[in-house]
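# Architecture at a glance
Chain by chain, the residues run as shown.
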Amino acid sequence: MTLDLTRRSLLKFMGGAVAGVVLSPMPWKLLDDASIWTQNWSRIARPPRGPISWRDTTCTLCPAGCGLRARLVGTSFVSAWPVSGHPRSAGLVCPLGLAAAQMRFHPARLRGAARREAARIDAPWLVVDADGAVTDLGRRLAVRRARGATDGLALLDLRPGRAMSQLYREFLDRQGGGLYLTLPDAWQASAAAFGGLIAASAVAGAPAPDLSRARSVLSFGAPLHDGWRGGFPAGDSENGHRPYLMQIDAAATATALRADRWLVARPGSEAPLALALAHVLVNETLNTDPRVAALADAPHGPAGSFRALLADFSPERVSRVTGLSPSALRDTARELANRRPALVVGVGDPGGGPLGAEEEAAVWSLNLLLGSVGPDGALGLLPATGIDFADGASPTATSLNDIPDGSLDLLLVDGSFPGAPVPRELLRRKLRGPDSLIVALSGFAGGAAALAADLVLPTPAPGEWTDDVPTPTLAAHASYAWSPPVAAPPDWAVHPAEWLARLETASGVTGNFTSGRARHEAELVRRAALLQSRGRGQVFDPRDGNTTGIANLVDPNALGSVLARGGCWLDTASLALDDRDLRLLGRDGELAARWRSLSGGRPGGSAGDGAEPLLLTIGGDLAVAAGSVMPPVLNKLYRESELHGGSRKAALNPATARRLGLADGVAAELRTEHATRRVVILHDPSLPPDLVRLASGPGPLELGDPGEPQTDILELGGASQRPVWRLTRVVLKEVRDVNA
Amino acid sequence: MSTHSGVTATTSYAMVIDLDKCTGCGACMVGCAVENNISVPPVAAAENRGLTWIRVYRVDNGKEFPEHRSVCVPIPCQHCDNAPCIHVCPVTAVQMDESTGIVGQIPTRCMGCRYCMAACPYHARYFNWFDPIWPEGMEDTLNPDVSPRMRGVAEKCNFCHGRLDRARELASAGGRPTSEPVTYQPACAEACPHGAITFGNMLDESSEVYQLAHGPHAFRLLEALGTKPKVTYLSREPWVRRIGLSRLDMVRGLADAPEGA
């Protein structure tokens, strides 16, 4: 048999080969490889590689101080998840905490000391020499001390009660004196109002509402079911898992819709509404209770008695102010009286700043009338700061609102908490002259501290240093935790205590310590040892998830060791309060006149030009405050979905919008008597007619867009001029230019 | 036990979302994005160009204030047993894992035609309009268990397959056969601060997810289409349960049927 190679057979072979290749897996393999190859461009990010480990810490992105379990790949902090069984967060964490790892690389993160080009909010930041900046500040401090001045210097601590707070006070003390300032947020303002109803001679205590112990809850707009876990227990009312909830809210919020009773009251009518409920409690429901009668009839000097004041707040009269019927007011008061322990909470939307001292006092007075304070009630009483660290601190804290304008030459601002609402103009007004400076110790060129600052000295980001986290305001129990670092800070980020030490050195003060960080660590250790030595409370150890009595710790430094691995100290004890120490009209009866002045509701100001004014409520989208620096991934909530509008969108009732000719999505100018801002209109049927709602944060810069200038949203409500700025009159007009 | 294409499965992962507990906080969206290396689009991009493997929609009853009521509805991929996206994909980039019931997306096969997006009645698929780029340094926070996807491919929820793999590795290291069902939680379920998301094996009748999915308040989205989604929703509110109805239901008159029908 011969093998003849013909042209025909050659062509057939070649044709068969081509067909075979086409039908073989080879082309698909080539396509697949090409696909894989095109996924490996150098510009595509590559995840870190390395052994995976977990480390526990405490979140410092808001005062709640939730437990976080950080996932590390090698030395990279890649994500954070809840800590099961953590006493503060009950195994839960909010979106901020979930994305905490991104904060270290936030586009607004500073990479050196930075100075604003001009004292304008939209002025760009210029990188400056940190040593030169410290030398300049040191010279200012030295000159001040040489003059023997005791004024002009202040430090604003946005998160008081920490070990750093103690170091700030020591710093001021060694500089010959200075003001240690705080700026109460909505929670702190509420707690402060409670203190005003207690005699000065009584045991100082902070209110600790415990929802789990209440049979009924009346909330004045508090976002118990809105936002990021308002602390309200989930579950079915009929199963007894949660208290009977009554929500006072102008809008159909998630809390209002989930409440057992939703009371649609006009914004600004909270004080008369609370006093009308007190009127019912005192005069109808509880008039047979000698305890209530004694409280209501206690004389307050010229102010008379609480019962006498309540004559001006009958349900019929208040009905006209609140929009609620007299019967609704009576029924609400009776529900509270019949379902005790009852709890009444104020605060409102914390993103909108304080509810108002008068409103909060009226709310707390309801709790006192209902006998909610004490072991049988739902309102505990903690030592004033949650924990008394016996630090003998000097100087004492002063509210920023209480110092005169034009009185400061140098204002240092602690920016370790990137989310506090700080009205920029309020800070700027305190400066004495053009040479006066606001210096922020912050990791970010955005956020609360940097908002008003001329100079920012870069500090580590949350998760890069050990801060301590004292009891959150209005928490049910006292607690204490540290935030052990889960990542190393970059070279340019300097521990805030180290900045203080450098400033002391530059100003010629010979401090009692050479290393700020060492001093801070010593203070942390002192606090842990002090807590342990008192032998009170329990300790949660995340290593095994167990909670044990502190008395079981043998080693005197054991608590410090547990805190250093992300543990938490917890104390459920509560102080006692004697009815004889209660002052329902304030310590000097001053509340009577202030409440009467609000009998018609809190005025919202005027828009001024005769156009149809609406009522603007400034609030917090998810309780996010203005200036909060947020992980960029939160864009998913604010830009990539319709879930939350952020601070760019002004929401209003569709019928009102149609009446004003404002279509959904159009650009509009929002003008109050204090400021003007460009917004996008959002039709929101959950709002009542004539009400406009604007979230105070986050803005584009806070979400990671460094190209956007910062704006001071709070100033729309006149935050630098009014103690309550969540409510103001506003005019909305469509902006028709194409560049809007 | 169930069979798909002749393969016997012991596991069919499914999810139950309690809408009465969801407050629209968005923790599921953030947890998902962190876990699955989902990037943020450029600032200049249109708002609808983002990637949200699970997206929370706000649905209302269509009435004006004060009768207005709304509910937040998290919608991930429904992992349909009869998934339209699988049928339309011309390059078999969408496949169902017969052993778990998870509908997976294979980005290396995807050619970006977006037929799957058009076919998905739940709008649960997203197109990667941009290269996955993070702010400088932030790639150091990416999850090493999940590869970032390239521009030009479709994406969707895969019930956190990276976590499933880790759970299998742990089970295997513990000496269990890899064919046995493993228990794990997707990122959204772990992140939800209200306990609204329950995840588990629907073939296990003792599992919580099975019990909830067969409760009186359970419903699924667009059931009339016959897609057989594995995500079940719960609500005690009748008007909320009606959001699962489709135009087909209306044609068939189901929309007017008494509640619970």
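Residues numbered from 1 in each chain as written. Chains lettered and ligands numbered in written order. Predicted model: local features only at pLDDT ≥ 70, side-chain atom pairs only at ≥ 80, totals over all residues.

## Examining the overall build of chain B
Stated precisely, the cut-off is as follows: Only runs of H or I of at least four residues qualify as helices and only runs of E of at least two qualify as strands under DSSP, and these elements are numbered from the N terminus. Two things to know: the radius of gyration comes from C-alpha atoms, and the globule rule equals 2.2 Å times the number of residues to the power 0.38. With C-beta atoms placed from the backbone, a residue is buried if 20 or more other C-beta atoms are within 10 Å of its own, exposed if 12 or fewer are, and partly exposed between those counts.
Scanning chain B from terminus to terminus reveals 8 helices and 12 strands. The C-alpha atoms of chain B give a radius of gyration of 19 Å, which matches the 18 Å a tight globule of 261 residues would have. With the C-alpha coordinates aligned to their principal axes, the bounding extent of chain B is approximately 50 × 50 × 40 Å. Buried residues in chain B amount to 45% of all 261 residues.

## Observations regarding the interface of chain B and chain A
To keep things clear, this is the line we draw: What counts as a contact is two residues whose backbone-derived C-beta atoms lie within 7 Å of each other.
Counting from both sides, the interface comprises 51 residues of chain B and, opposite them, 59 residues of chain A. Elements represented by at least two residues in the side of chain B that touches chain A include exactly α1 (27-35), β4 (55-60) and α5 (187-191) of chain B. The leading source of residues in the side of chain B that touches chain A is α1 of chain B, at 7 residues.

## Points about the confidence of the model for chain B
Residue and element names in this part refer to chain B. We count it as follows: The pLDDT value tells you how sure the predictor is about a given residue, anywhere from 0 up to 100.
In this model, chain B carries an average pLDDT of 89, and 92% of its residues clear a pLDDT of 70 or more. Across residues 257-261, where pLDDT falls below 50, the model places 2 contacts with residues more than four positions away in sequence or in other chains. Prediction confidence for the complex, expressed as pTM and ipTM, is 0.90 and 0.90 respectively.

## Let's talk about the packing of helix α8 (residues 270-285) of chain A against helix α12 (residues 326-338) of chain A
If you want to describe how two helices pack, look at the angle between their axes and the distance between the axes. All names here are of chain A. Where we set the bar: A fitted line through C-alpha atoms serves as each axis, taken over the contacting stretch for helices, and the angle formed by two N-to-C directions is quoted from 0 to 180°. What sets the label is the angle itself: under 35 degrees gives roughly parallel, over 145 gives roughly antiparallel, 65 to 115 gives roughly perpendicular, and the rest give oblique. Each helix crossing is assigned a hand: it is left-handed if the near helix lies turned anticlockwise from the far helix by less than a right angle, otherwise right-handed if that turn is clockwise. Amino acid classes used here: Ala, Val, Leu, Ile, Met, Phe, Trp, Tyr, Cys and Pro are nonpolar; Asp, Glu, Lys and Arg are charged; the rest, including Gly, are polar.
Following both chains from N to C, one finds α8 and α12 inclined at 65°, their axes separated by 9 Å at the closest point. When the axis of α8 is compared with that of α12, the two are roughly perpendicular. Of the two elements, α8 crosses α12, and the hand of that crossing is right-handed. In this structure, α8 contributes A276, L277, V280, L281 and T285 to the contact, and α12 contributes L329, R330, T332, A333, R334 and A337. For the contact of α8 with α12, a count of residues per class yields 7 nonpolar, 2 polar and 2 charged.

## Side note on α1 of chain B
Residues and elements named next belong to chain B. Burial analysis of α1 places 9 of its 9 residues in the buried class, which makes it a mostly covered element. By the burial criterion, the buried members of α1 are A27, C28, M29, V30, G31, C32, A33, V34 and E35. Phi turns positive one or two residues past the end of α1, at N37, with a value near 55°.

## Things to note about the domain arrangement of chain A
Interfaces are often sized by the amount of accessible area the parts lose when they come together. Residue and element names in this part refer to chain A. Here is the rule: These domain boundaries are the output of an automatic or database domain assignment.
Considered domain by domain, chain A is made up of domain 1 (52-105), domain 2 (114-185 + 388-571), domain 3 (196-373 + 580-597) and domain 4 (614-734). Each partner contributes residues to the interface: domain 3 has 15 residues there, and domain 4 has 24 residues. Residue composition of the side of domain 3 that touches domain 4, grouped by class: 8 nonpolar, 6 polar and 1 charged.

## Side note on the confidence of the model for chain A
For chain A, per-residue confidence averages 86 on the pLDDT scale, and residues scoring 70 or more make up 91% of the total. Here residues 234-238 of chain A scores under 50 on pLDDT; set against residues more than four positions off or in separate chains, the count is 9 contacts.

## Focus: the pairing of strand β3 (residues 76-82) of chain A
Looking down a regular strand, the side chains alternate between one sheet face and the other. Residues and elements named next belong to chain A. As a reminder, the rule being used: Only strands that DSSP links by at least two bridges are regarded as paired with each other.
Within β3, 7 of the 7 residues are buried, which leaves it mostly tucked inside the rest of the structure. Bridge count between strand β2 (residues 67-73) and β3: 6 bridges; the pairing is antiparallel. In the strand pairing of β3, R71 is matched with S79. In sequence, β2 turns back onto β3 through a hairpin of 2 residues, with G74 there showing a positive phi of about 65°.

## Considerations on the sheet that holds strand β1 (residues 52-58) of chain A
Hydrogen bonding along the main chain pairs the strands of a sheet, whether they run parallel or antiparallel. Residues and elements named next belong to chain A. Spatially, β1-β2-β3 is the arrangement adopted by the 3 strands of the open sheet, whose pairing is antiparallel. For this open sheet the edge positions go to β1 and β3, each flanked by a neighbour on one side alone. Adjacent strand axes in the sheet meet at a mean angle of 30° when their direction is disregarded.

## Regarding the environment of A133 of chain A
Residue and element names in this part refer to chain A. With respect to the helices, strands and loops of the structure, A133 is situated in helix α4 (residues 130-147). Along the chain, A133 and G704 lie 571 residues apart, while their C-alpha atoms are 27 Å from each other. If near-sequence neighbours (up to four positions away) are discounted, A133 is found in contact with A113, V128, L455 and L457.

## Here's the deal with the environment of A113 of chain A
Residue and element names in this part refer to chain A. Inspection of the secondary structure assignment puts A113 in the loop between α3 (95-98) and β4 (114-116). Separated by 488 residues in the primary sequence, A113 and G601 place their C-alpha atoms 47 Å from one another. Apart from residues lying up to four places away in sequence, A113 is in contact with V128, D129, A130, A133, L455, V456, L457 and P458.

## Quick notes on helix α2 (residues 26-38) of chain A
For clarity, the threshold we go by: The length a helix should cover is 1.5 Å for every residue beyond the first.
Taking 1.5 Å per residue as the helical rise, α2 of chain A with its 13 residues ought to reach 18 Å, and the 18 Å between its terminal C-alpha atoms agrees with that figure. Buried residues are scarce in α2 of chain A, accounting for 0 of its 13 residues.

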